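Examining the three-dimensional arrangement
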Amino acid sequence: MTIKNQFAGIVPARTSSQRCAGKMLRNFSDSNLTEIALSKFSNPTKFFNFYFAANDPELLNLAKEYPCKAIERDTISSQGELITDVLNYVKELEEENVIFINACSPFLQLKTVELAVQTFLDNKCLSLTAVLKKHTWYYTMDGKAVNSIDS
């Protein structure tokens, strides 16, 4: 049974990042970006059901350890550039609204996502997005790129 205004919270993940290949599985704070996102967002809340969307077997195996619904994305979805290709798996969801949660933002908190949902509902929005000013490359004090492929 679908509840009106129910949300699907989705972490779309892939291992084929152009700037930092395999970053979803790289060691990060005694874990990795995938496990951090799954541990924070995988339990259903009063606002949304959680989905983890990937096409990599290792990512999908990690998702099995958490109470989420795994979606196996096709190759086009995980490598495509057109929004219709990238989001082709969303049309299969029962929920009326979709929240995309970026696993590459490991400091994002569940309460922040829930506040966004509440803002969406309170203001009867058609859509809502969040932005964050950030620098995409980080360096050590001696000038070595922290998130380069050679790291």
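Criteria and cut-off values
- Residues numbered from 1 in each chain as written.
- Predicted model: local features only at pLDDT ≥ 70, side-chain atom pairs only at ≥ 80, totals over all residues.
- Heavy atoms only, no water.
- Helix = DSSP H or I, 4+ residues; strand = E, 2+ residues; numbered from the N terminus.
- Expected span 1.5 Å × (residues − 1).
- Buried < 20%, exposed > 50% of the residue type's maximum accessible area, 1.4 Å probe, protein only.
- Arc of directions from axis to C-beta.
- Contact = heavy atoms within 4.5 Å.
- Pairing = 2+ DSSP bridges.
- Axes fitted to C-alpha atoms, helices over the stretch in contact; angles between N-to-C directions.
- Phe/Tyr/Trp six-rings, centres within 6.5 Å; stacked < 30°, edge-to-face > 60°.

**Thoughts on helix H5 (residues 110-122)**
Given a rise of 1.5 Å per residue, 13 residues ought to cover 18 Å, and the 18 Å separating the end C-alpha atoms of H5 matches this to within 8%. Those residues of H5 that sit buried are Val-113, Val-117 and Phe-120. Down the axis, H5 shows its buried residues gathered within 60° of arc, on one side only. Exposed residues pointing more than 90 degrees away from the buried face of H5 are listed as Lys-111, Leu-115 and Asp-122. If you follow the buried residues of H5, they end up packed against strand S1 (7-12), helix H1 (33-41), strand S2 (48-54) and strand S4 (97-100).

**Let's talk about the environment of Thr-112**
Relative to the assigned elements, Thr-112 resides in helix H5. Given a relative accessible area of 40%, Thr-112 falls into the partly exposed group. Put simply, Thr-112 and Pro-12 are 100 residues apart on the chain and 18 Å apart in space, counted from C-alpha to C-alpha.

**A look at unusual backbone geometry**
Here Ser-29, not a glycine, exhibits a phi torsion of approximately 55°, which is positive. Among the secondary structure elements, Ser-29 is positioned in the loop between S1 and H1. When its relative accessible area of 63% is taken as the criterion, Ser-29 is described as exposed. For Lys-124, which is not glycine, the phi dihedral falls at a positive 50°.

**Topic: the sheet that holds S2**
Pairing within the open sheet is parallel, and its 4 strands lie in the order S3-S2-S1-S4. Single-partner strands in this sheet number two, and they are strand S3 (69-72) and S4. This sheet shows a mean twist of 30° between the axes of neighbouring strands, independent of strand direction. Inspection of the sheet shows S1 paired to S2 by 6 bridges, in the parallel sense. If you follow Val-11 over to S2, its bridge partner there is Phe-52. In the packing of H1 onto the sheet, contacts are made with S1 and S2, and the angle to S2 comes to roughly 160°.

**A closer look at the pairing of S4**
With burial as the criterion, only one face of S4 is covered, namely that bearing Asn-97 and Ile-99; the residues Val-98 and Phe-100 on the opposite face remain uncovered. Relative to S4, S1 runs parallel, the two being bridged by 4 bridges. Looking at S4, one finds that Gly-9 is bridged to Ile-99.

**Concerning the packing of aromatic side chains**
Note on aromatic pairs: each is described by the distance of the centres and the angle between the planes. For the coordinates displayed, the defined rule picks out 1 aromatic pair. With centroids separated by 5.5 Å and ring planes inclined at 80°, the aromatic side chains of Phe-7 and Phe-120 adopt a geometry described as edge-to-face. You can see Phe-7 sitting in strand S1 and its partner Phe-120 sitting in helix H5, a full 113 residues away along the chain. The two residues Phe-7 and Phe-120 agree in class, both being buried.

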